[in-house]
Every structure is written in C-alpha cells, then in structure tokens.
Amino acid sequence: MIGKQEVRQKLMANTNAAILGTGRAYPEGILTNADLERMVETSDEWITSRTGIKQRHKASEGEYTSQFAVAAARQAIERARIDPGEVGLIICATVTPDQILPSTGCLIQAELGANRAAAFDIAAACSGFLYGLTLANQLIRSGQTRYALVIGAEILSRYVDYTDRSTCVIFGDGAGAALLGPAEDGRGILATRIYSDGRYAEQLFSPGGGTRIPPTAETLAGGLHYFKMRGNELFKVAVRSMADVSREVLDEAGYQADDVKLFIPHQANQRITDAVAQKLKVDESIVYSNIAMHGNTSSASIPIALDECLEMGKVGEGDLVLLASFGGGVTWGAVLLKW
Ligand code: ACO
C-alpha cells in the first residue's frame, strides 16, 4: 500500500526545487589585515590589492563547524516557514568537518531535531554548496524528499598555517544554508552543472592527517595537515572554468548573460571575480562581492553571499540568479535559478 505522503511526493516528482529560505552564521572573532601584518611579512596594501580582502572571521578555541551550520540552518528553516521535522535530507558541504566520523550532517540532523532525515557530508571544497544544490534538486525532483537543507560550513582556520603568508591572508570561517522545496510556476533551479579534475589535486591540498599520511606527532610538527596552495596556477583555472560553466547553464536554460539580474561567484579573490565577470561580459553592478568582509570561506561563501543579497533586497520575484564556483580538487560548477 502506498501511504498518503508517498502519493504526494510522487505527484511532486519532476518539479524543480526552489530555495525557500536561507541563513548564515559566523564566529564573532575577526582577523584583520592589520592583525596579519603583525603575524607574517605582509601588508594591508598587498592583501587588499591582490585579493580584495580586508578582514575574515576566525573561530576561537572550542568552536566547531556544526555550531555555525546549525545556526545558519535554523534561520533557513524558519524563513521557509516549515517545521524541522519536515526536512527529509541534509547535505553538509564541508572540507573541515567536526570529526571524521560521524558526518557533520548527522550531527546537524540531531541538533535540529530533523526527524530521521537522511544526512551526509560532501567534500568538494569551494564547490560543495553547488554540488549540494545539484543533488538536492534531483532528490526533490525524483520525489525522494520534499524539503532538503543544503549547508556550506567551514572552519578553515584550523587548517591554515599562520606562518605561511600565501595562504593565511585568504581564508575565513563561516556557514550558510538554504532550505529547498518543490518550486512553483516554473521557478527555482533551471539548470545545474558540476565537474572535477583530480589531475590538479595538488594545487590546493592538505597532504597529511588522512590514511595516506596518518596523523603522528611528526606530521603535526611538520605542518602536513595545513593547506598548501599554488595560488597563481589555481587563479587561471578558476577564471576559465567558472566562466565556461556559467555559459553552459545559461545556454541550457536558453538565456544570455545579459538576462542575469544577480551573479554570485564563489568569493575566492576579487581579481578572480572581476576576471570572470569580464569574460562573461556581465555588468559589474549585478556581480555580488563580500570578500572584503569574509575572505574565502570555501563552501560557505555562496550561501552566505546569497543570504546577504536577500537581506539587502537584491533579488526580486522572477529574477535570474547565477551562482558559480571553483575549488580544490579541482572542482567547479554553476547553478542558474529563477527566483
Ligand atoms: N603578502 C605579501 N606578499 C605575498 C603574500 C602576502 N600575503 N603572499 C604572497 N606574496 C608574494 C609572493 O611570495 C611573491 O613574491 P616573489 O615575487 O618575491 O616570489 C609575490 O607576492 C607574488 O606571488 P603570487 O603567488 O604570484 O601572487 P598572486 O598575485 O598570484 O596572488 C593569490 C596570490 C592571492 C593567492 C592569488 O594567486 C589567488 O587568489 N589565487 C587563487 C587562490 C584561490 O582561489 N584559492 C582557493 C581556491 S578555493 C578552495 O577550494 C578553498
């Protein structure tokens, strides 16, 4: 016998998902460029001109990823006006989980009281949130679940070497969340594309601490758990892949870059954002940037930015919103939505 809920979910099948509510949270602690000037050989002038970053949030001792994920998720659920018990799927995009086992998703599920929602993590670095939106969209379309939470949450500062000036100026901590449900009137997610190319794995990676180089006193002393990055190589791949994948989702949905009302690229570096916007030939007035205040928060950057845009009234009903990302792996992707 098919239950009432199953019938309802089957009827919803093949309906795209829409974002019904968003939220964001970050640690209170802030690390400014002036603070970094006292820690490594750098300057506010270098950081600002090369990255656009002025400050970033930094977790204190004792703070952990799921705390911020839960706070952001609670806002998203509240704004979508649903009950946590109605959430059927929780995807937490993170490369800095609370612990290896269990998933941060499961810890979030318990904290939210989200019934028996399926919960798991995805590690796609800065593209994690768009990977999550892509999966959630398909699971809602298939009728597997009605409401899904997609969260991007990171405490990158735990893996940043604060003696390495080429990485420590870039990364910040935070979380952003989106609650998705079936869309109405042809709105919601119109197209998604996600990709990876593991040949570039060592452009941004943390060599130690896993099964290949297990954590020992020596690996810790040698800083093998810290992020290592080839910034200028990543820069070129980032610009090319974000511009290409953005064009792909626009083509698939039958739109031009001119039609986009709001473009939120992953907040990696202001120069990357400017170069992608230029390649896409979109006006800078529709490109959102918050990198000055948050730095690069990896998977959290797009949902934090989206939540800020909604709060500022930058998105109206029917507006076309383009999200694009690029990150370690390397991974990249884009999602096109009609609000
Ligand atoms: N302060 C002062 N000087 C610095 C600093 C710093 N913080 N960092 C590097 N430099 C120096 C370098 O040592 C180098 O000096 P040299 O010429 O004497 O050798 C010089 O500045 C230029 O270094 P580049 O690495 O070529 O600088 P670039 O202009 O490429 O900027 C940056 C570096 C900001 C890292 C840039 O390449 C970038 O943003 N790349 C993309 C990184 C990125 O997006 N990473 C995240 C991917 S997302 C994810 O998955 C988390």
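Residues numbered from 1 in each chain as written. Predicted model: local features only at pLDDT ≥ 70, side-chain atom pairs only at ≥ 80, totals over all residues. Heavy atoms only, no water.

Side note on the domain arrangement of the protein chain
We apply this condition: Start and end positions for the domains come from either an automated domain assignment or a database one. We call two residues in contact when some of their heavy atoms are within 4.5 Å. Here the quantity called buried area is the total loss of accessible area, with a 1.4 Å probe, experienced by two parts when brought into contact, counted for both. By convention in these notes, a salt bridge is any Lys or Arg side-chain nitrogen within 4 Å of a carboxyl oxygen on Asp or Glu.
Domain boundaries assigned for the protein chain yield domain 1 (4–185) and domain 2 (189–338). On a C-alpha basis, the centroid separation for the pair domain 1 and domain 2 is 14 Å. Across the boundary between the two partners, domain 1 contributes 53 residues, which contact 46 residues of domain 2. Across the domain 1/domain 2 interface, buried area totals approximately 3,900 Å², and carbon plus sulfur atoms make up 62% of it. Summed over the three residues of domain 1 that lose the most area to domain 2, namely Arg24, Cys126 and Leu130, the buried surface amounts to 18% of that side. The interface formed by domain 1 and domain 2 holds four salt bridges in total. With a shortest N-O distance of 3.2 Å, Glu311 and Arg24 are connected by a salt bridge.

Some details on the sheet that holds strand β8 (residues 188–196)
Rules: A strand pair is defined by DSSP finding two or more bridges across the two strands. Secondary structure elements follow DSSP: runs of H or I of four or more residues count as helices, runs of E of two or more count as strands, with numbering from the N terminus. Note on definitions: angles span 0 to 180 degrees between N-to-C directions of axes, and those axes are lines fitted to C-alpha atoms, for helices only across the stretch in contact.
Spatially, four strands are ordered β8-β13-β12-β11 in an open sheet, and the strand pairing comes out mixed. Looking along the sheet, the strands with just one partner apiece sit at the ends: β8 and β11 (262–265). Ignoring strand direction, the axes of neighbouring strands in this sheet form an average angle of 10°. In the sheet, strand β12 (residues 320–327) pairs with strand β13 (residues 331–338) via eight bridges, with the strands oriented antiparallel. Residue pairing for β13: Ala324 is matched across the bridge by Ala334.

Looking at the nonpolar core
Considering soluble globular proteins, one finds that nonpolar side chains tend to be buried as a cluster. Put simply, the rule is: In these notes, a set of buried Ala, Val, Leu, Ile, Met, Phe, Trp, Tyr and Cys residues joined through side-chain atoms within 4.5 Å is what counts as a nonpolar core. Three labels apply to residues, based on accessible area from a 1.4 Å probe with only protein chains included: buried if under 20% of the type maximum, exposed if over 50%, partly exposed otherwise in between.
Counting 45 residues, the largest nonpolar core has Phe263, Ile272, Val276, Val282, Leu322 and Phe326 as its most contacted members. The set of elements that each furnish at least two residues to this core consists of α9 (231–253), α10 (270–280), β12 and β13. Looking at which element gives the most residues to this core, the answer is α9, with ten residues. Apart from the residues lying within four places of it in its own chain, the contact partners of Val282 are Ala257, Phe263, Ala277 and Val287. Core analysis: the next-biggest nonpolar cluster, separate from the first, contains 31 residues, Ala178, Leu262, Tyr288 and Val321 among them.

Some details on helix α12 (residues 301–311)
Most of α12 is tucked away, with nine of its eleven residues classed as buried. Of all the residues in α12, the buried ones are Ser301, Ile302, Pro303, Ile304, Ala305, Leu306, Asp307, Glu308 and Cys309. Just past α12, the residue Gly313 takes up positive phi, approximately 70°.

Brief notes about the environment of Arg187
Residue placement: Arg187 occurs in the loop between β7 (174–182) and β8. Along the chain, Arg187 and Lys338 lie 151 residues apart, while their C-alpha atoms are 5.0 Å from each other. Setting aside residues no more than four positions away along its own chain, Arg187 makes contact with Asn16, Glu317, Lys338 and Trp339.

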